[in-house]
Structures are given as C-alpha cells and as structure tokens.
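The residues making up each chain are set out below.
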Amino acid sequence: MKITFYGHASLGIEVGGKNIIVDPFITGNPQAAAIDINSLKADYILLTHAHGDHVLDVEAIAKNTNAVIVSNAEIATYYGNKGFKSHPMNHGGSWKFDFGNVKYVTAIHSSSFPDGSYGGNPGGFVIEGEHKNIYIAGDTALTYDMKLIPLRTELDLVILPIGNNFTMDVEDAIIASDFVECDKILGYHFDTFGYIEINHEEAIRKFFDKGKDLMLLQIGESIEL
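Residues numbered from 1 in each chain as written. Predicted model: local features only at pLDDT ≥ 70, side-chain atom pairs only at ≥ 80, totals over all residues. Heavy atoms only, no water.

Draft legend 1. Region of the structure containing the sheet that holds strand E4 (residues 44-46). Spatial strand order, E6-E5-E4-E3-E2-E1-E14: seven strands in an open sheet with mixed pairing. Every other strand in the sheet has two partners, leaving strand E6 (86-89) and strand E14 (222-224) as the edge strands with one partner each. Between one strand axis and the next, the sheet turns by 20 degrees as a mean value, whatever way the strands run. With three bridges joining them, E4 and strand E5 (residues 68-72) adopt parallel strand pairing. Bridge assignment links Leu46 to a residue of E5, and that residue is Val70. Strands in contact with helix H2 (residues 58-65) are strand E3 (18-22), E4 and E5; relative to E4, the strand with the most contacts, it is inclined by about 165 degrees. The sheet contacts of helix H3 (residues 73-80) involve E5 and E6, and relative to E5 the element is tilted by about 145 degrees. (Pairing = 2+ DSSP bridges. Helix = DSSP H or I, 4+ residues; strand = E, 2+ residues; numbered from the N terminus. Axes fitted to C-alpha atoms, helices over the stretch in contact; angles between N-to-C directions. Contact = heavy atoms within 4.5 Å.)

Structure, rendered in structure tokens:
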C-alpha cells in the first residue's frame, strides 16, 4: 500500500492494483500548485464530508477518470444526480471493494456543500487491504467511538487531523492514537490556512515523547506500508 500526500486532507492511495483519491482539494490550495490533477489516476474517490476544502476537485477528477465516488448516502446521491458513478455508505456499514474492505465510521464535525446543499453526516474510513489496514479519520473531534475501531481491525497506520480550530489538535490526536491502538501516525489537515498552522518540530516531539511516530509529509511525498 502506497500513500501520497497531496496537501491539506488530500491523499492518493495505491492498493490492490487500484488508485484511490481521498478528499481532493488541490487546485484551490496554493501549497499544492505542483500537483496536476489531470495527471492523477483514480478508480475511486473517497469523501469524508462535503466541505469545499475536501470536494473542490471531485468533479474534474471524476470526469477525467470515471472514478466511483464513495461517501455517505447524501454525498453519493448528490454526485449521482449529476451523472457520476457513486457508491453510498453510512456509519457502521462496510463494503468489500476490489481493492479491499472499507468501513464508514463516525466523525464529529459538520458537512455541507459550498452551494449550501446538505452533505449528510461526516465520517472517516477504515480500509483493510493487502494485509495492511489504515484509518482515515477525516475532519473530526476526539471521540470515544474511536475505541471501537481496534475491536475489529488492527491498524498499521492512522491518519489524523492535527491542525486544531476546526478539528483535533496535536494533544487530542495523541489520545486518538491511543484509542485506536496505533503508534504510527500520518498527520494531515494542517498549515493550509492561518487557522490551522502548527509547529512541526513541536508536534513531532510531543508524539515522540509518548512513544509514537508522527509523519508530516511534504506535498507530493509518499510512504509505503
């Protein structure tokens, strides 16, 4: 499994011979100017919620790739009504795709499209594939529901928002990693806007002091599990 950071909360995942894009907000992010969305491969687009900083490039990428949009029922219906292929999910439900099993789990946040349309309840994704399992938390507060995840899935990596103000901060993310019983963390949703700028060295040190490995990737950088 290969994971590439495209800035903010946007990710590329290669797993099981398939390409997945998560929450594509690229063309509106000056920090991600080097990423050409027309060059991205996508069999699936996973969306945690409907905010503009997570769905900006969905339609452009879906048109280029004919990708299936996977999200909650409301978001899937929104794009389905526009003629895009979609797969609806809801909290607690899972589906076995051709790249692995995906479970839609709770996130504590809000969700509406830039045009004001209802975006359903926000969520995160637990992906089990190629003998490696990851949890993408999405935009969320710290929640006890995270404790349910390791009851079913042993995680190899947890992807957590750490920018504060709109989501968890570093301290809550450390607790979240305890809740999901995973000490390998990829941080995201930080630095894009003034509200969510963080001190990288301090964040890494705080995780290290708790015996955890926080990775903060450069835009375009990848890791392999």
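Still more to cover.
Draft legend 2. Focus on unusual backbone geometry. Unusually for a residue other than glycine, Asp23 sits at a positive phi of about 45 degrees. Residue position: Asp23 is located in the loop between E3 and E4. Residue class for Asp23 comes out buried when judged on its relative accessible area of 0%. A positive phi angle is found at Asp191, which is not glycine, with a value near 75 degrees. Positionally, Asp191 belongs in the loop between strand E12 (184-188) and helix H6 (200-209). (Buried < 20%, exposed > 50% of the residue type's maximum accessible area, 1.4 Å probe, protein only.)

Draft legend 3. Structural context of the pattern of salt bridges. As enumerated under the stated definition, the model contains seven salt bridges in all. Close ionic contact of Glu59 with Lys82 constitutes a salt bridge, the shortest N to O distance being 2.7 Å. Residue Glu59 is found in helix H2, and its partner Lys82 is found in the loop between H3 and E6; the two are separated by 23 residues along the sequence. It is possible to trace a salt-bridge network through shared partners that takes in Glu171, Glu202 and Lys206. (Salt bridge = Lys/Arg side-chain N within 4 Å of Asp/Glu carboxyl O.)

Draft legend 4. Representation of the pairing of E3 in the model. Among the five residues in E3, four count as buried, and that is most of the element. What sits between strand E2 (residues 11-15) and E3 in their antiparallel hairpin is a turn of two residues, with Gly16 showing a positive phi close to 55 degrees. Pairing of E3 with E4, which is carried by three bridges, proceeds in the parallel orientation. The residue of E4 that forms the bridge with Val22 is Leu46.

Draft legend 5. The arrangement of the packing of aromatic side chains in detail. Applying the stated criterion across every chain, the model contains twelve aromatic pairs. Here Tyr79 and Phe113 contribute two aromatic rings whose centre-to-centre distance is 5.8 Å and whose plane-to-plane angle is 75 degrees, an arrangement assigned as edge-to-face. Of this pair, Tyr79 sits in helix H3 while Phe113 is found in the loop between strand E8 (100-106) and strand E9 (123-129), placing the two residues 34 residues apart along the sequence. In this structure, Tyr79 and Phe113 share a single accessibility class: buried. Linked through ring pairs, Tyr78, Tyr79, Phe84 and Phe113 together constitute an aromatic cluster. (Phe/Tyr/Trp six-rings, centres within 6.5 Å; stacked < 30°, edge-to-face > 60°.)

Draft legend 6. Structural view of the packing of helix H5 (residues 170-179) against H6. Orientation of H5 relative to H6, taken along the N-to-C sense of each, is 35 degrees, at an axis distance of 10 Å. Once H5 is placed against H6, the crossing between them reads as right-handed. Residues Val170, Glu171, Ala173, Ile174 and Ser177 of H5 touch H6, and the partners they reach there are Ala203, Lys206 and Phe207. Its residues assigned to classes, the contact of H5 with H6 comprises five nonpolar, one polar and two charged. (Left-handed = near helix turned anticlockwise from the far one by under 90°. Nonpolar A, V, L, I, M, F, W, Y, C, P; charged D, E, K, R; others polar.)

Draft legend 7. Geometry of the side chain of Ser71. By secondary structure assignment, the location of Ser71 is in strand E5. Note on Ser71: relative accessible area 0%, which makes it buried. Not counting the four nearest positions on each side in its chain, Ser71 is found in contact with Leu47, Ala76, His87, Pro88, Met89 and Phe125.

Draft legend 8. View of the environment of Val170. The topology assignment puts Val170 in helix H5. The exposure class assigned to Val170 is buried, which follows from its relative accessible area of 9%. Between the alpha carbons of Val170 and Val105 there is a distance of 21 Å; along the sequence they are 65 residues apart. Dropping the residues within four chain positions of it, Val170 is found in contact with Ile162, Ala203, Lys206 and Phe207.

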